[in-house]
Amino acid sequence: MRYVKPDSFENAAQLLFDSTGITRILAGGTDVLVQMKAEMVEPDLLIDLKHLSGMREITHENGGFRIGAAVSGAELGEHAGVNALWPGVVEGMELIGSTQVQGRATMVGNLCNGSPAADSVPAMVTAGAIARIHGPDGARDIPVYEVPTGPGKTSLARGEFITSIYLPARPENASDAYLRFIPRTEMDIAVSSAAVSLELDSKGICTEAKVAIGAVAPTVRLVDDASAALIGTSLDDDAITKLVAAVEAACSPIDDKRGTIAFRTKTAGVLAKRAAKIAYARAGGTS
Amino acid sequence: MKTNHIQTTINGDVTEFLCNADESLLDVLRDRLGMTGAKEGCGTGDCGACSVTLNGRLVCSCLVLGVETEGAEIQTIEGMANGDNLHTLQRVFLEEAALQCGICTPGILIAAKSLLEKNPNPTDTEVRYWLAGNLCRCTGYDKIIKAVQTAAAEMRGA
């Protein structure tokens, strides 16, 4: 295996594009190194981009935040600005692994690893987060929602890699939340999960809503019917009942040792309900 | 495989080593530098026995490549005592018998030190969450949590 630190994104893209063997991008390494250890993947070329410009920085941009692809969970969790604007995104990222894993793991790595249960992804999706992709043809921006295409798979083309995530600005009276179910309190992979992002008017009526569910389909899933159930309401019982029904209808999970189809579907609905109430309270709503 | 020449700082000492690209920092510490304080429990970032700090950040050294540490500052358990004087955490762990077989202990001490630098007065819950990635199969954790709290109180008073 060759380990390379390219001196620019352009050279990294060229190197990736030209490589004939198995390549991996090294960010935090908390998935790639585990996969190498387990001999699930034996890269011929490992490309480390952490040293390149902006990769380890969180910068204020147009009222939102651009988060470099090598920013660790611990660094994100310590950033007051991102915590205030997108608390659900931060809490999703911070649920991943241990303190030690948080010291290295990154949102972009979590996204590109392609796990349907990736904890940082649902809240990025409800935030409308944008991934900046560099490749042989330069840079392009796409919604985070369009990155994962199936377990372990992404829409990135040959030679492409993500260099940052942009979390947009949001109005007053808006917030988000993320919850997952695991059978213990720490150090586990989501059996099901839900993220909710809300905007409220001055009377506490929901004017915008996004609901995403994780670990209950081959990829994270945005549930438009669940958003529709919340918009125009103050999250009354009727709205919550419709939200839960919409979420359950959107689930198509697998049965495995960590959870049955019925259990995952049921808990996804419960988590969406709870996350919606937390996001509502954070946004300043009272019900 | 090409051998890489790396210069880094370990426990304040400038250190040079050669390593292959796929060698973890843990392998470098143990097999190339003879620093066997960090232990390999799982090798996959689950057990925390290989904990070190990298540029001040608590990490599993099994999930860091040796080649990534060029120019980095690393702290290991070997640098925790000051000569013959044990760090407060080390002494209290002995006094309160917060270990049995001892395999997890270096990682827990490094992790606990990192916690107390960030939060000198943690709650029991905060200690438990911070140490959730440090597995101990002997003690049942209660003595570990208590020892961290005893040391924290002493360090706050000192």
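Residues numbered from 1 in each chain as written. Chains lettered and ligands numbered in written order. Predicted model: local features only at pLDDT ≥ 70, side-chain atom pairs only at ≥ 80, totals over all residues.

A. Main features of the overall build of chain B. For chain B, the count of helices and strands is five helices and five strands. The N-to-C order of helical and strand elements in chain B reads β-β-α-β-β-β-α-α-α-α. For chain B, the C-alpha radius of gyration of 16 Å lies close to 15 Å, the compact-globule estimate for 158 residues. Structurally, chain B occupies a C-alpha span of about 50 × 30 × 25 Å along its principal axes. Within chain B, contacts between residues separated by at least 24 positions form 58% of all contacts whose residues are at least 6 apart in sequence. (Helix = DSSP H or I, 4+ residues; strand = E, 2+ residues; numbered from the N terminus. Rg over C-alpha atoms; globule rule 2.2 N^0.38 Å. Contact = placed C-beta atoms within 7 Å.)

B. Inspection of the environment of C50 of chain B at higher detail. Residue and element names in this part refer to chain B. Note on placement: C50 falls in the loop between α1 (25-32) and β3 (51-54). C50 gets classed as buried once you count the C-beta atoms within 10 Å, which come to 30. For the pair C50 and T3, spaced 47 residues apart in sequence, the C-alpha to C-alpha distance is 23 Å. When neighbours within four sequence positions are excluded, C50 is seen to be in contact with L26, A38, K39, E40, C60, S61, C62 and G107. (Buried ≥ 20, exposed ≤ 12 C-beta atoms within 10 Å, placed from the backbone.)

C. Focus on the domain arrangement of chain B. All names here are of chain B. According to the domain assignment, chain B consists of domain 1 (3-77) and domain 2 (88-157). For domain 1 versus domain 2, the separation of C-alpha centres amounts to 22 Å. Contact residues are listed per partner, giving 13 residues for domain 1 and 11 residues for domain 2. Among the elements that take part in the side of domain 1 that touches domain 2, β3 stands out by supplying three residues, more than any other. Split by residue class, the side of domain 1 that touches domain 2 holds seven nonpolar, five polar and one charged. (Domains from an automatic or database assignment. Nonpolar A, V, L, I, M, F, W, Y, C, P; charged D, E, K, R; others polar.)

D. Fine view of unusual backbone geometry. Residues and elements named next belong to chain A. Its identity is not glycine, yet N62 carries a phi of approximately 50°, on the positive side. The phi dihedral of L235 falls on the positive side, at around 60°, and the residue is not glycine. In this fold, L235 is placed in the loop between α9 (224-230) and α10 (237-250).

E. Molecular detail of the nonpolar core. All names here are of chain A. Grouped together as the largest cluster of nonpolar side chains are 141 residues, with contacts concentrated most on V144, A194, L243, V247, A272 and A275. Here this core takes eight residues from helix α11 (residues 261-282), the largest share from any one element. Not counting the four nearest positions on each side in its chain, A275 is found in contact with A177, Y178, L179, A194, A195 and V196. (Core = buried A, V, L, I, M, F, W, Y, C linked by C-beta atoms within 7 Å.)

F. Fine view of the sheet that holds β3 of chain B. All names here are of chain B. The strand order β2-β1-β5-β3-β4 describes an open sheet built from five strands, whose pairing is mixed. The two strands at the open ends of the sheet, each matched to only one other strand, are β2 (13-20) and β4 (57-60). Within this sheet the neighbouring strands show an average axis-to-axis angle of 40°, counted without direction. Where β3 and β4 come together, four bridges link them in antiparallel fashion. By the bridge assignment for β4, T53 is matched with L58. The strands touched by helix α3 (residues 105-118) within the sheet are β3 and β4, with β3 carrying the most contacts at an inclination of about 40°. (Pairing = 2+ DSSP bridges. Axes fitted to C-alpha atoms, helices over the stretch in contact; angles between N-to-C directions.)

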